[in-house]
Every structure is written in structure tokens, then in C-alpha cells.
There are 2 protein chains.
Amino acid sequence: MKVLVVGANGQIGKHLVSLIQESESLTARAMIREQEQASYFENLGAETAVVDLEDDIDAIAKAAKDVDAIVFTAGSGPHTGKDKTIMVDLDGAVKTIEAAKNANVKRFVMISSFDTTREAIQGASSSFAPYVIAKHYADEWLRDTNLDYTIIHPGALTNDKGTGKIEAASTVERGEVPREDIARVIAACLENEATIGKEFQVVGGATLVKDAIDSL
Amino acid sequence: MKVLVVGANGQIGKHLVSLIQESESLTARAMIREQEQASYFENLGAETAVVDLEDDIDAIAKAAKDVDAIVFTAGSGPHTGKDKTIMVDLDGAVKTIEAAKNANVKRFVMISSFDTTREAIQGASSSFAPYVIAKHYADEWLRDTNLDYTIIHPGALTNDKGTGKIEAASTVERGEVPREDIARVIAACLENEATIGKEFQVVGGATLVKDAIDSL
């Protein structure tokens, strides 16, 4: 299964491409913004496609040609302006979803935020609300498609080394989770078709990633 | 016909409430953010409802109780941060649409931007793109409802005195239009059920507002 990783140069993305390249059943195409980022992924044996999420749907669809799945793990990040939140986290996600349709890629794994419900928007601080709103509409857009989607809602992301153990369910108590473990969760979803049509929250826990995902 | 004007204290909103109060068939309820803004509208004989568009859907639905139509003419304006663009122009609009459904108000007039197509997003400067994206998704959300909507796409808004004459069609050449004339266009749409399900661009022109709207 060939997987287009959108946001490959991000922290989750880098872990994910490594995991994919180590796996027996998956291979990665890293979608990156700058040509200079390519060598890192080429050294892992992954393909690369240079596309900016501010480009149009056609450019993304071209990057998705002949892949079997798309993972959206791009994010504008905390150091960009709020204008990037709507351009990347919302519109970049929606364009990637539309590109999946256009390129006939059915499988789509979305890395969302822990809670993107209407209630979470209303409860968010005014500095965090724009991000929650962007993720809310991106998730809504995906749910409204016929794609074989999985939506992952991670807890507070850390750069700690992964433990390989998580807790995952429709709703779990808020908590932290290493980015490396989220990459493992994504890979486990790609390898388990039973996760199609599902969405779940995930934090650090006591259950091996594969077992937690298999029992969703 | 009682009309809830969302964004009544804005420049189009103020013109609109005046026009509505002068008309024989319409009366206005001005939705405003601050109690201090109420006296202006009370002096025009309009009702008022104090609701912030960052409040929840229930608060907006309560303001929409027993009205026959809702006009969304709120905007975050050029002097607020980009965070307000997604919170007001997108999420505020969607919450108002959902409030219309919840309050069983079928008629909805949306003041959009001149061009909110995907092509317009891709062609916009990076400082204008967030606004176009926000309006794009708000329009899409409205089109996807069963509401009796009209979407108005005005050209570049000016504070010039209205001429009472416009050009309106699915697409027209880009141009300016006084806010006062947009208020007239809104009132004309409210008084003409044939505009339900339609959307159109409007700039200054040579045709009386009523005739231009009637011939859409």
C-alpha cells in the first residue's frame, strides 16, 4: 500500500514516514513544501512530491496519483499567523480531501485535534478557538464524503519518546501523547480496515497500539 | 415580515435597518453586540437583541425567535485580526445558519463577498485569502441547507451616497457599489420571493434596484 503523507516534514510526519518505510506492507510518498526537504525522505527510501498546501487541488491530486491512501498530518503550527490556520488547517485539509476524490484515492486518515465539536469551539480560549474551528470544519468536510476515512483526535502532543502504548476510544480523558506514538497509531489504522468510518481520541496509556486500534 | 439583521451595527446594517423601518411591509430586529448600541435602533422603532456572534447557536436562535427572515451582514472588518475572520465571517455565519434552522426561520439572506469561488481563493493575495476562504465555506454551508436563501455578492463597497441604481447578474464585471445600495438590494430581495435559491454579483449600474432584482 502506497501512502501519501501530507505534512511529511512535520514532527508526526517524519516519524510516520520512517515507520512506513520500516513496515513490510507500506511505502511512503512524502509530500513536502520545499525541494531542500527531499533528501531526508529519499535517504529513507521514500518517494517525494513537492507541493505547497496553498497550491490548488490539481497540484495535490497530482501528488496523490497512484497512491492507495492519504494521511493528512499537516498543521500550520503555533508559530505562524492565524491567517495560516484557515489556509492550512482548514482549506489545505479540504483541498487534500477534494484531491483524494479527484485522484480516486478512497482511503484517508485525518489527524485532527483532541476535541473539534461545537462545544469545544464554544469552550476554547479566544487564541485557541480559530484552530478548533478550522479543524472542526475540516473534519465535517471529511465526514460528508464517501471516502474511507479515519479521524484521529490526539491528546496534547509531546516530543517524548514513544512508549508504544496508548488509550483510544470515542472519548477518553484528556492527556498527553508522544508524537511518535501518534505515528504508530496512524500506521496501525492504515493496516486495519476495521478503522474505516471511525474516529477516536487517543492519549498515552497501557495498551499496545495495535491492540488498542484493533479493539476500537 | 419581521427581519433579524445580524451585524446591524455595521455600515450596511445601519442603512438596512433604516430602510426596513421606512418600508410598509418589513420591520427589523437589530442584532447587536453591545447594549450601548441599542438606542440608535430603538430610535428608529426597531427591536434589538444583544448577542455576540462568538456566543453559541442557542443565543442566536433565541434572538431569531418569531422572525420571518434573517439577514447576515456581519463582518469582522479590516481592522481586526485574522483570528476574527474565521470566528466571525465563517463560524459566526454558520452558527447563524444553524440558529435559523433551530428557530424555524426559512428565509435567509447572506451578504457574501464578490467572488468566493475556489478560483478566487487561489487567485487571492495571501492577506486577502483568509477572508475569501471564510466566506467560501459560509456560502457552501448555506447552499447545503434547505433554507430559502439568497446570496448577494457585492463589488468593492464604498461609503458613497447610494444612487439607487445597480447592475446585478450571476457574474458582472468587477466594480464598486455603495453600501447604501447594497442595503436597498437586501430589502428588495426580502420583498421578492423569486430571489429564493439565487445568488448574484452586484455593482453600481444603470438599473433601478427593484427592477434589477425583479429581473434576476
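1. Comments concerning helix H6 (residues 129–143) of chain A
- Compared with an ideal rise of 1.5 Å per residue, which puts 15 residues at 21 Å, H6(A) spans 21 Å between its outermost C-alpha atoms and is within 8% of the ideal.
- Within H6(A), eleven of the 15 residues are buried, which leaves the element mostly enclosed by the surrounding structure.
- Of the residues making up H6(A), those classed as buried are A:Ala129, A:Pro130, A:Val132, A:Ile133, A:Ala134, A:Lys135, A:His136, A:Tyr137, A:Ala138, A:Asp139 and A:Leu142.
- If you follow the buried residues of H6(A), they end up packed against helix H4 (82–102), strand E5 (107–111), helix H5 (118–123) and strand E6 (148–154) of chain A together with helix H4 (82–102) and helix H6 (129–143) of chain B.

2. Considerations on the packing of aromatic side chains
- Scanning the model with the defined rule gives six aromatic pairs over all chains in all.
- Taking 5.5 Å as the distance between ring centres and 85° as the angle between the ring planes, the aromatic pair formed by A:Tyr137 and B:Trp141 counts as edge-to-face. Of the two residues, A:Tyr137 sits in helix H6 while B:Trp141 sits in helix H6, which places them in two different chains.
- The buried category is assigned to A:Tyr137, whose relative accessible area is 4%.
- Relative to B:Phe41, the ring of B:Tyr40 lies with its centre 5.0 Å away and its plane at 80°, an arrangement referred to as edge-to-face.
- The ring of A:Tyr40 is capped by A:Lys14, whose NZ or CZ atom sits 4.6 Å from the centre of that ring.

3. Some words on the interface of chain B and chain A
- On the chain A side, the residues contacting the 24 residues of chain B number 24 residues.
- Where chain B packs against chain A, one counts two salt bridges.
- B:Asp91 serves as the salt-bridge partner of A:Arg118, at 2.8 Å between the closest nitrogen and oxygen.
- Across the contact surface, chain B and chain A share ten residue pairs in polar contact (both at pLDDT 80 or more).
- For the side of chain B that touches chain A, the elements supplying multiple residues, two or more each, are H4, helix H5 (118–123) and H6 of chain B.
- If one sorts the elements of the side of chain B that touches chain A by residue count, H4(B) sits on top with eight residues.
- Taken together, the residues that form the side of chain B that touches chain A break down as twelve nonpolar, two polar and ten charged.

4. Re the side chain of A:Gln201
All names here are of chain A.
- Tracing the backbone shows Gln201 in strand E10 (residues 198–204).
- In terms of polar contacts, Gln201 uses its side chain to reach the backbone amide nitrogen of Val172, at 2.9 Å.
- Ignoring any residue separated from it by four or fewer positions in sequence, one finds Gln201 in contact with Phe114, Asp115, His153, Glu167, Ala168, Ala169, Ser170, Thr171 and Val172.

5. Structural notes on the pattern of salt bridges
- The final tally for this structure, using the stated rule, is 26 salt bridges over all chains.
- A salt bridge links A:Glu199 to A:Arg143, with the shortest nitrogen-to-oxygen separation between them at 2.7 Å. You can see A:Glu199 sitting in strand E10 and its partner A:Arg143 sitting in helix H6, a full 56 residues away along the chain.
- A:Glu199 gets classed as partly exposed once you look at its relative accessible area, which sits at 28%.
- The residue B:Arg143 makes a salt bridge to B:Glu140 at a minimum N-O spacing of 3.0 Å. Placement of the pair is B:Arg143 and B:Glu140 together in helix H6, with a separation of three residues, close to one helical turn.
- Under the relative-accessibility criterion, B:Glu140 is labelled partly exposed at 29%.

6. Observations concerning the relation of the copies chain B and chain A
- Superposition of chain B onto chain A requires a rotation of 180° combined with a translation of 0.0 Å along the rotation axis, giving an RMSD of 0.0 Å. Considering both components of the superposition, the chain copies are consistent with a two-fold axis. Across chain B, the smallest distance between a C-alpha and the rotation axis is recorded for B:Lys82, namely 2.8 Å.
- Interface residue correspondence from chain B to chain A reaches 100%, placing this contact among same-surface, isologous pairings.

Rules of the game
- Sequence order as written defines residue numbering, which begins from 1 separately in each chain.
- Just so you know, chain letters begin at A and ligand numbers begin at 1, following the order they were written in.
- Predicted model: local features are reported for residues with pLDDT of at least 70 only, side-chain atom pairs are reported and counted for 80 or more only, and whole-chain, interface and lining totals are derived from all residues.
- As a rule here, side-chain values cover all heavy atoms of the structure and leave hydrogens and water aside.
- Think of it this way: any DSSP run of H or I at least four residues long counts as a helix, any run of E at least two long counts as a strand, and we number them from the N terminus.
- Helix span is expected to be 1.5 Å times the residue number reduced by one.
- Each residue's exposure class comes from its accessible area (1.4 Å probe, protein chains only) as a fraction of the maximum for that residue type: buried when under 20%, exposed when over 50%, partly exposed otherwise.
- Residue contacts follow a heavy-atom distance rule, with two residues in contact if any of their heavy atoms lie within 4.5 Å.
- Geometry of aromatic contacts follows a simple scheme: Phe, Tyr and Trp rings, the Trp one being its six-membered ring, pair when their centres are within 6.5 Å, and the pair is stacked under 30 degrees between planes, edge-to-face over 60, tilted otherwise.
- Geometrically, a lysine NZ or arginine CZ counts as sitting over a ring once it is within 6 Å of the ring centre and also within 35 degrees of the ring normal.
- The term salt bridge refers to a side-chain nitrogen of Lys or Arg lying within 4 Å of a carboxyl oxygen of Asp or Glu.
- In protein, a polar contact means a hydrogen-donor-capable atom and an acceptor-capable atom, both N or O and within 3.5 Å, with residues adjacent in sequence counting only if both atoms are side-chain atoms; elsewhere, any N or O pair within 3.5 Å suffices.
- Residues were grouped as follows: Ala, Val, Leu, Ile, Met, Phe, Trp, Tyr, Cys and Pro as nonpolar; Asp, Glu, Lys and Arg as charged; and all remaining residues, including Gly, as polar.
- All copies are superposed by least squares; the fitting set is the C-alpha atoms of residues with a pLDDT of at least 70 in both.

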